[in-house]
There are 4 protein chains.
Amino acid sequence: MQAARLHEYTEEMGEALSIDEIDRPSPTRSDHIVVEVEGAGWCQTDNHIIEGMWTDYVPQELPMTLGHENAGEVVEVGDEVSTVDVGDKVLCHPLMTCGQCRACRLGDDMHCENGEFPGLSTDGGFADYLLTSERAAVKLDDVSPVEIAPHADAGITAYHAAKKAVPHLFPGSHTVIIGVGGLGHIGLQAINAMSATTTIAVDLKDDALSLADRLGADHTINSGDEDVAETIEAITDGAGAEQVLDFVGADGTTALAPDIVAPGGDHHIIGYGGDIHEPSQALVNGEFSFVGNIVGKYTELQELVSLVESGEMHLETTQYGLGEINDVAESLEHGEIEGRAVIVP
Amino acid sequence: MQAARLHEYTEEMGEALSIDEIDRPSPTRSDHIVVEVEGAGWCQTDNHIIEGMWTDYVPQELPMTLGHENAGEVVEVGDEVSTVDVGDKVLCHPLMTCGQCRACRLGDDMHCENGEFPGLSTDGGFADYLLTSERAAVKLDDVSPVEIAPHADAGITAYHAAKKAVPHLFPGSHTVIIGVGGLGHIGLQAINAMSATTTIAVDLKDDALSLADRLGADHTINSGDEDVAETIEAITDGAGAEQVLDFVGADGTTALAPDIVAPGGDHHIIGYGGDIHEPSQALVNGEFSFVGNIVGKYTELQELVSLVESGEMHLETTQYGLGEINDVAESLEHGEIEGRAVIVP
Amino acid sequence: MQAARLHEYTEEMGEALSIDEIDRPSPTRSDHIVVEVEGAGWCQTDNHIIEGMWTDYVPQELPMTLGHENAGEVVEVGDEVSTVDVGDKVLCHPLMTCGQCRACRLGDDMHCENGEFPGLSTDGGFADYLLTSERAAVKLDDVSPVEIAPHADAGITAYHAAKKAVPHLFPGSHTVIIGVGGLGHIGLQAINAMSATTTIAVDLKDDALSLADRLGADHTINSGDEDVAETIEAITDGAGAEQVLDFVGADGTTALAPDIVAPGGDHHIIGYGGDIHEPSQALVNGEFSFVGNIVGKYTELQELVSLVESGEMHLETTQYGLGEINDVAESLEHGEIEGRAVIVP
Amino acid sequence: MQAARLHEYTEEMGEALSIDEIDRPSPTRSDHIVVEVEGAGWCQTDNHIIEGMWTDYVPQELPMTLGHENAGEVVEVGDEVSTVDVGDKVLCHPLMTCGQCRACRLGDDMHCENGEFPGLSTDGGFADYLLTSERAAVKLDDVSPVEIAPHADAGITAYHAAKKAVPHLFPGSHTVIIGVGGLGHIGLQAINAMSATTTIAVDLKDDALSLADRLGADHTINSGDEDVAETIEAITDGAGAEQVLDFVGADGTTALAPDIVAPGGDHHIIGYGGDIHEPSQALVNGEFSFVGNIVGKYTELQELVSLVESGEMHLETTQYGLGEINDVAESLEHGEIEGRAVIVP
C-alpha cells in the first residue's frame, strides 16, 4: 500500500514526506483492527513532528508514516473484537490505549501509561490502511469519515479544553478564544454549545474573524489592529475573562494572561509555538492559572461526534490527495490553510 | 498609640520601619470594629512591601503601618455590628470586604472588588489598635490571639492552596511541599488533615526538614544535597506527584514542574520570589498547570480555626516586641526565622 | 397603600385574599430599600401558603401580604446603601439575607440563617410598595420589571435546579423535564442554553407540550396518552436519562425514578405536591439520587437576568390587576394558567 | 472442587447453602484468570440473595455459588493477560467489567453495561477456585488475602460512599455514620482518613459504639437510649450534619433525614433494609438529597488497598471454615457477627 513517510527531520516542509510502498498492516493481538483510511487530517503537530520538536517527548523511529486524525472503514478485526465489525465506518481516537493502567481505568485514557500514538510514535494514517485497536474506534452512524476525520485530534483537543473551561462559565461571563484556526473554530463552537458565556475571538486574520463571527462569536478582535488587552478590558468592564483558550501558545499570547484573565480564572495552553515567561507574583496577585491541555478522552470523542450528528458543530475542511501532502505542509507553515486540510488516500 | 510604619521603600530591612506615635482609629461606618492588637504575624510579604514589590499591584500611600496577620480583642464596634461584641477575642481576615460585589456574593471574598487590605493598602496591625470591619472578624473561643495571629494570612494562604489541591488527592497519590517555612509547615499539616496522600517535603535546611518530619511528612528531600526531580521520580515510581505546593516560587522551583508533576497535575504557585520560564509545549505534553494562589476566603479562615481548635494544626511561632520589628525583618530576609515571628505590641 | 393579604388559611382559593389599606413601609436599617412594585408573579407556592402548607416550615403571622416574585422601582434607600439608587429598576431576590452567616459567606445565601422571605415570612409584594434590602436587589438595565418579575422565584428556582443538573450533562446525554408550566418552561430553556443535552418534555397537557416544542425540546411525551417510562426507555436506548427535573413532585412522578434515571443519575425534586415512596434497595441498585431543590442564589438571579438580556430566555406571562388576584389563585388551582400570572398593583 | 451453593430461595438461613462438589473453572477468554480462594467475606447481601431480594434486579440461575468478596492467589491466566501472573496474590473487585462500554470508559466501571458479578449473577468465591478477569484483580504486595477479602465489596462500598461525601466536608462540619457494622466501621475510618470533619456514630449496640470510639468517632449515640435527632441537633448547634452515611437504610433511619441533614446536605443510602417515605416538600424545604450508593470503582479498590497498606484502615474480621457457612448466615441475620465474617475454603 502507499504511505506518506518521514525519513528525516527537516525545516523544509515542501519536501518533508515521501510516498513509499509498504506492507499493509495486520492484527497481531485479539483487539486489533485494520481501518481503510478514507480521510486523515493534517495537523500543525505534523509540522512540529517533521521539525523534530517531539523527539524529546516521545520515542520515534524513522521512517514513520505520519497522520493521527484518521477515519475510514473497518476491514479486518482481531479475534476478540466485539464492539465493531468489518464494514463499520469509524473515527479513530489517536491513542491505542491499554485499558488496564490507572489512567485508563479513571477515564483519563489520554494519559495511558502504555499507549501508542499512530502518526506520532508508530505508523499513522497518511496511508491506505491503518492498524489501531478496538478501544480507539468510535462508530459513525450518520457522518462520513472524510468529513469528520480532523475531529480525531484537532476536534477532541479543542473540545477537551472547552470542556475543562465550561464548568467555570456562567451567563454574563466572558471567554476569549485566541486563534480561530483548525482547533480554535471547533473550540468556539464547543463553548457555544455547552454554555451561555459571551465569546471574544482574537486573530490576526480578518478571514478567521469572519469565520468566528459566522460561528457565533459575540465579539471579534484583530490583534494586528487593536490592543487586545485594552479591548478585552473594555468589553468585560474591567473584570477580565473568566476563561481564555489560547490556541496559539506563543510568547506574545501567553503574556496577555495577567491583563486579560479575571481573578481566579484560567489561561488554557493548547497551541504550543512559544514560551511562558511570567513572574510568580503575577499568578499570585491575579490568582490565575496557566492550564496545560493535551488531546481529549475517548468519551470526549464520542461526545464530539454527538455534537456533529446533532448539527451543533460545523467543521471547515478542504480535501487533498496523498500526492499533495507536502504542499499542504508548506501551506500550513505559511498560515495559508483555512480551517482544516484532510488527506484522502 | 504606637505603630510601626514604612516611610519609604528600601532594600535595608534593618532600618525599614519607624515606631511612630499616631491617633487611635475609630469606626466611621456602621460595620466597623476596632481591635486592640494582641499579636500580629510578620510575613515575607512585609519584606516584599518594604522593597516596593507591591506598588504595581495595589495602591499604597506612605507612611503606612504594616501588619496584616492580626488578632486581638474587640474594643469598639459600629452601630449595626451584630456578630461580634466588645470584649470578644477575634482573628482578623486580612481583607475588609464589601459583601456586595459578585466575588463576595460567590464566597470568593478574597477577590472582593472593593476590598481594603490593612497592612498592604491601609494601616495595618503592627500597632496598638487596628481598624477593620465586622466581616473580617472570626471569633475565637478556645485559642489565644497571640498564638493564632499568623493564621490570618500565612495560615489561610497555605490552607487555601491545600484546599485547592485536596480534591485531586487520593490514597496512593503523592503531594510535594516545596519550602517548609512559615506557610509550608501549615500547608503540610492541612494536606495531612484533609487527605490520605503521601507527602514529600523539600527544603534547603535540615531544620525545616526535621520540622516536616515531626509534622508527619512521609518523605523529606534536602534540595542542596539531592537531585529533587530524580528523588521524586524514584519515590513515585516514575509517575510524578499529583499536586505540588510551591511555597518558594523561585525560577529554580517552578522549573521543576515538567519533571515532577504527574500528567494532569498542578504546580501551585504560592511563594513568589522569582519567575516561570517554560515552553508551552511542556504544559501541553504533561497536561500540567501552573496554578496561582492568593490569600484564602473568610470561610476558609473559619475552617482553619476549627483545625486549630481540634488540635490538628500546630503553629511554630516566636514572639517579639514592637521595638524589635526591624530585627525580625532582617532575620527573615536572611532565612533565620524558624516558623513564624509574631509581633506583640 | 393597597395590599392583598391572607387573614386565615383556607382551601377556598376564590376568596382567599382581601385587598386591605395598610401603611407604606419605610427603611429601619441602613441597608433597607423600598420598592414601588410594578409586577409581582403569582406562584403555586402562594396557593400552598394559603392552604397552610408552610406553617410547619417557616414562622408566619397573619394577616400577611403575599407575593414573593417582585420587581419595580427603588423609591427610598437606607443611609448606607451604595449599590442601588432611588429611580433604579430592580428585580428582587425573594430572600433578605444577612451577609454574615456561613451560608451567606459561602454564596449559598438561599440557606441564610437569618433570612426573611417577604411574602412567606413577612409582608410581600402584592401591594403598592415592598420593603426589602440592598442585598436582594438585582439592577435591571434593559428589561422592564413587569416582564421579568416571575424570575424572582419561579425563574431562579428553575435555573438553580438546571445549574445543578448541567455539570452531569454532555452531548449525547438525556434530560427529562416533568411539567412544562411556570417553572418547567424556564428550566427547559436554561438546560438548553447551558448544555448540549437531548431534552425530553413530559406533561399532561398538549398546550404545554406545544410550548416545550417551540422552546426547543427534542422530544415530548403526553403522560396521559403514553407510558412515560417505556417511551423514555425507547428514546434513550435503554440507558435512561442522566438528569430528571421533576417540576411536579407528585407520588406518580417521583415513582418514575427507578425506571427513567440512568445509573448514577439524579431525580431533582422541585415541585412538591406529593410524596416519595421508594425502597432503599432501588436507590442502591440504580445508584440514583432524589435531589432536593429550593430557590436559587443571588448570583444565580444575576445570571438569569443575563440570560434574559441576551435573548436566550423567553418568559410566558399574563398580567392581572390586584383586584383579580383571587381569580388567579383559583385558575392556577385548576391548572388553567398558561405560563405565569403577573399581578400589576 | 467444593463450593457453597444456593439451590432455592429461602428465609431459613441455617440451611440455605449446600456444600457441593463441582468442576474447577478454566479460562475461556484471553483475559480470564482463575484464583485459588484464600478468603471470601460473608455479606448482608448474601442473606438478601438467599431471600430472593435480588431477583428483580439481576438475572440469577440456581444453583449458584455465592461469595462476592474474594481474595487469593492467581493459579491460571488467559493468554493475553499482562498485568498479573500465576503466583500473584490478588483482591478481586466484585465485577468482571468489559472495559469497552461508556461507563467503563469513564471510570464508572461499577455501572458496566456488560458486567458479570460472581456470587450475584454467576458462580462466586465460597469455593476452592474462582473464575474472574484480569480487569477485576488488584495485586497485593504487603497484605494477606484472607485479611483483606471483605474490602472487595464491604470495603469499597463503604469507601465509595465516603468518597462521595468527602468533597462536602470541611473542618467544623459534621458527618453522621448510621450503623457501625461490617460496612460502617470501614466508612468511619475512610471519612477520618480523608477529611477533618467531626464524626457522629449511631448504633443500637454498645459494642458497635465502643468500636466506633476506638476507631476515632468524635461522638457516639445509642439509638435505643437517646433521641437521635435531638442529640445530633445539640451536637451540631442546630445546624445538622452536612453528610449522613446510612449503612442501615431502614424506614426509621431514612426518616431521620429532614431533622438531621444540614441544608444542602446529603443522606446517603448504602444499607437497604427498608423504604424511604418522605413528602417532596421536605426535600425542597431543606434542600437535602437521598443519594443512592452501590459498590465502588476498581480505582477505589486500589485506593482502599493503599489505605490498608499505609495502616490507616483497620478491618474487624473473624474466620470460619466453608462447613460453618450456614451458621454464619444465621448469626448475621440475628446481628451476632462483630465486624466481618470471612470464609476460608
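About the cut-offs
- Residues numbered from 1 in each chain as written.
- Chains lettered and ligands numbered in written order.
- Predicted model: local features only at pLDDT ≥ 70, side-chain atom pairs only at ≥ 80, totals over all residues.
- Heavy atoms only, no water.
- Least-squares fit on C-alpha atoms with pLDDT ≥ 70 in both.
- Contact = heavy atoms within 4.5 Å.
- Buried area = accessible area lost by both parts, 1.4 Å probe.
- Salt bridge = Lys/Arg side-chain N within 4 Å of Asp/Glu carboxyl O.
- Polar contact = N/O pair within 3.5 Å; in protein donor to acceptor, adjacent residues only side chain to side chain.
- Helix = DSSP H or I, 4+ residues; strand = E, 2+ residues; numbered from the N terminus.
- Domains from an automatic or database assignment.
- Nonpolar A, V, L, I, M, F, W, Y, C, P; charged D, E, K, R; others polar.
- Pairing = 2+ DSSP bridges.

Considering the relation of the copies chain A and chain D
What relates the pair of chain copies is a rotation about an axis plus a shift along that axis. Superposition record for chain A on chain D: RMSD 0.0 Å, screw rotation 180°, translation along axis 0.0 Å. The symmetry that links the two subunits is that of a two-fold axis. Minimal C-alpha distance to the rotation axis in chain A is attained by Gly107 of chain A, lying at 2.4 Å. Interface residue correspondence from chain A to chain D reaches 94%, placing this contact among same-surface, isologous pairings.

So, the interface of chain A and chain D
Taken together, the 18 residues of chain A in the interface contact 17 residues of chain D. Both faces combined, the contact of chain A with chain D buries some 1700 Å², and carbon together with sulfur accounts for 35% of it. Applying the counting rule to chain A against chain D returns six salt bridges. Taken together, the links from chain A to chain D amount to 14 residue pairs in polar contact (both at pLDDT 80 or more).

Examining the environment of His185 of chain D
Residues and elements named next belong to chain D. By secondary structure assignment, the location of His185 is in helix H5 (residues 184-194). A C-alpha to C-alpha distance of 7.7 Å links His185 and Leu211, two positions 26 residues apart in sequence. If sequence neighbours within four positions are ignored, His185 has contacts with Val180, Leu211, Leu215, His314, Leu315, Glu316 and Gly339. A polar atom in the side chain of His185 sits 2.9 Å from the backbone oxygen of Gly181.

Let's talk about the domain arrangement of chain A
Residue and element names in this part refer to chain A. Each domain of chain A was delimited in the assignment, giving domain 1 (2-153 + 295-344) and domain 2 (156-292). Of note, the centres of domain 1 and domain 2, computed from C-alpha atoms alone, are 27 Å apart. Contact with domain 1, which involves 27 residues of that partner, is made by 18 residues of domain 2. Across the domain 1 to domain 2 interface the summed buried area is about 1900 Å²; carbon plus sulfur atoms make up 58%. Inspection of the domain 1/domain 2 interface yields one salt bridge. Those elements that place two or more of their residues in the side of domain 1 that touches domain 2 are helix H1 (44-50) and helix H11 (298-309). Considering each element in turn, the side of domain 1 that touches domain 2 owes the most residues, five residues, to H11. Looking at the side of domain 1 that touches domain 2 residue by residue, the class counts come to 11 nonpolar, eight polar and eight charged.

Some thoughts on the sheet that holds strand S1 (residues 2-6) of chain B
Residues and elements named next belong to chain B. Read from one edge of the open sheet, three strands run S2-S1-S4, paired in antiparallel fashion. Sheet topology places strand S2 (17-21) and strand S4 (64-65) at the edges, where each strand pairs with a single neighbour. In this sheet, S4 lies alongside S1 in antiparallel orientation, the contact comprising two bridges. Across the sheet, the residue bridging to Arg5 is Thr65, located in S4.

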